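# Structure at a glance
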Amino acid sequence: MYPIDLTGKKGIIFGVANDRSIAWGIAQMLGEAGARLALTYQNDRVKGRVTRLADTLDDAISLPCDATDDSQIADVFSQVGDTFGGISFLVHSIAFAQREDLTGRFADTSREGFQIALEVSAYSLIPLVRHAADLMPDGGSVVTLTFHASQRVYPGYNVMGTAKAALEHSVRQLASEFGPQGVRVNAISAGPLETLAARGIDGFRDMKRLHAETAPLKRNITVDEVATTALFLCSGLSSGITGSVIPVDAGYHIMAV
Ligand code: NAD
């Protein structure tokens, strides 16, 4: 238990697929801190798993949401509004690119592959923040997940690097537009973690090893380290922070060689 109390706070977490998902690590941490949570799942394939995980939390609900479907997004916020009243935080932990676009040359990315990756991994944040702000009359906090490939070239990460660059700039634009109503929008740039999404990236294991060797802390990070940062960002302790990309990467991003 960490000394941040979210008792009485409510929020939605998008992006739990299984118990290795970063979103699940964050859900557990925020749940332990006393928050009431709504978890969303992408489709029926993961419904059972996510519902079972939600059942282990205190009073959580789970709802379907494919982030490419505007009506499912609207339904989530309408149901959360009915059940919770308002919310004070939202976690966006969603990304997808076709397997063929995470291998070979970036130059060979198809038009369709580019559209899919950018829509799911970057655009999806925009409607989520717009809807969330309506349920945050007293302000709130939105946290998304990004990766250093937004700034530097990681062979294999390909179009997902482009998507993360778009996501990070969307964070700044949304932070600017929703700041006046007290809604903060930030990103955590996490170091490599072995999850379902990571498995799709060509050369991920080697990249993870290189991170550990190069990072000032000489190790990889843990999901808990991302989750505690999310806990801080969802709490009032981070009230002065918005529009930021916060690296949780054992310091890897400062190194040149
Ligand atoms: P994960 O596979 O557990 O999570 C990805 C989630 O995206 C899944 O829950 C999946 O259902 C969801 N998703 C994909 N398409 C969707 C759609 N159309 N609608 C709704 N949901 C959809 O993997 P993860 O590593 O926990 O990824 C979470 C986030 O963290 C991603 O944004 C990822 O890019 C980011 N991230 C991961 C790492 C890492 O090394 N694992 C590092 C930095 C950032």
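Our subject is the structure listed above.
The paragraphs below set out a description of the structure included in this document.

Rules behind the numbers
- Residues numbered from 1 in each chain as written.
- Predicted model: local features only at pLDDT ≥ 70, side-chain atom pairs only at ≥ 80, totals over all residues.
- Heavy atoms only, no water.
- Near = heavy atom within 4 Å.
- Polar contact = N/O pair within 3.5 Å; in protein donor to acceptor, adjacent residues only side chain to side chain.
- Areas by Shrake-Rupley, 256 points an atom, 1.4 Å probe, with all protein chains shown as cover.
- Helix = DSSP H or I, 4+ residues; strand = E, 2+ residues; numbered from the N terminus.
- Nonpolar A, V, L, I, M, F, W, Y, C, P; charged D, E, K, R; others polar.
- Salt bridge = Lys/Arg side-chain N within 4 Å of Asp/Glu carboxyl O.
- Buried < 20%, exposed > 50% of the residue type's maximum accessible area, 1.4 Å probe, protein only.
- Contact = heavy atoms within 4.5 Å.
- Pairing = 2+ DSSP bridges.
- Axes fitted to C-alpha atoms, helices over the stretch in contact; angles between N-to-C directions.
- Phe/Tyr/Trp six-rings, centres within 6.5 Å; stacked < 30°, edge-to-face > 60°.

## Points about the site of the ligand
As a structural note, the neighbourhood of the ligand is formed by 28 residues, with Gly15, Ser21, Ala67, Leu193 and Thr195 the closest of them. Between the ligand and the protein, one listed contact pairs an oxygen atom with a backbone N or O atom of Gly15 at 2.8 Å. One of the backbone nitrogen or oxygen atoms of Ala197 is found 3.0 Å away from an oxygen atom of the ligand. Taking 810 Å² as the accessible area of the ligand by itself, protein coverage stands at 94%. Of all elements in the fold, only strand E5 (140–146) and helix H7 (196–199) reach the threshold of two or more residues within the shell around the ligand. Among the elements that take part in the shell around the ligand, H7 stands out by supplying three residues, more than any other. Of the residues belonging to the shell around the ligand, the class tally is 18 nonpolar, eight polar and two charged.

## A few points about the pattern of salt bridges
Per the stated rule, a full pass over the model turns up seven salt bridges. A salt bridge links Asp108 to Arg105, with the nearest nitrogen and oxygen atoms 3.1 Å apart. If you follow the salt bridges from partner to partner, you end up with Glu194, Arg205 and Lys208 in one network.

## Focus on helix H4 (residues 111–123)
A turn of α-helix holds 3.6 residues, and therefore any two residues three or four places apart point the same way. Burial in H4 covers these residues: Gly113, Ala117, Leu118, Val120, Ser121 and Ala122. Lining the buried residues of H4 we find strand E4 (89–92), helix H5 (125–134) and helix H6 (159–178).

## Concerning the environment of Ala190
The residue Ala190 is located in strand E6 (residues 183–190) in this model. According to the relative accessible area criterion, Ala190 is buried, its value standing at 6%. When the C-alpha positions of Ala190 and Val245 are compared, they lie 9.9 Å apart, and in sequence the two are 55 residues distant. Contacts of Ala190, omitting those with residues within four sequence positions, involve Leu145, Thr146, Phe147, Ile221, Val226 and Val248.

## Here we look at the environment of Thr195
Structurally, Thr195 is set in the loop between E6 and H7. On the accessibility criterion, Thr195 (13% relative accessible area) is buried. Each C-alpha atom of the pair Thr195 and Val223 lies 10.0 Å from the other, and the pair is 28 residues apart in sequence. With residues up to four places along the chain from it excluded, the contact list for Thr195 reads Arg20 and Ile22.

## Re the sheet that holds E5
In any sheet, the strands associate via hydrogen bonds between backbone groups, in a parallel or an antiparallel arrangement. The sheet built from seven strands is open, its strands ordered E3-E2-E1-E4-E5-E6-E7 with parallel pairing. Looking at the sheet topology across the chains shown, the edges are occupied by strand E3 (61–64) and strand E7 (245–248). Each neighbouring strand pair of the sheet contributes to a mean axis angle of 20°, computed without reference to strand direction. Together, strand E2 (36–41) and E3 form the strand contacts of helix H2 (residues 44–55), whose direction differs from that of E2 by roughly 170°. Contacts from H6 reach E4, E5, E6 and E7 within the one sheet, and its direction differs from that of E5 by about 170°.

## Quick notes on the packing of aromatic side chains
Describing an aromatic ring pair means giving the distance of the ring centres and the angle of the ring planes. A full pass over the atoms with the stated rule returns three aromatic pairs. Look at Phe14 and Phe77: their rings are 6.0 Å apart centre to centre, the planes differ by 25°, and that puts the pair in the stacked class. In this pair, Phe14 sits in strand E1 (residues 10–14) while Phe77 sits in helix H3 (residues 70–84), placing the two residues 63 residues apart along the sequence. The residues Phe14 and Phe77 share a single accessibility class, namely buried. Grouped by ring-pair contacts, the aromatic residues Phe147, Tyr154 and Tyr157 constitute a single cluster.

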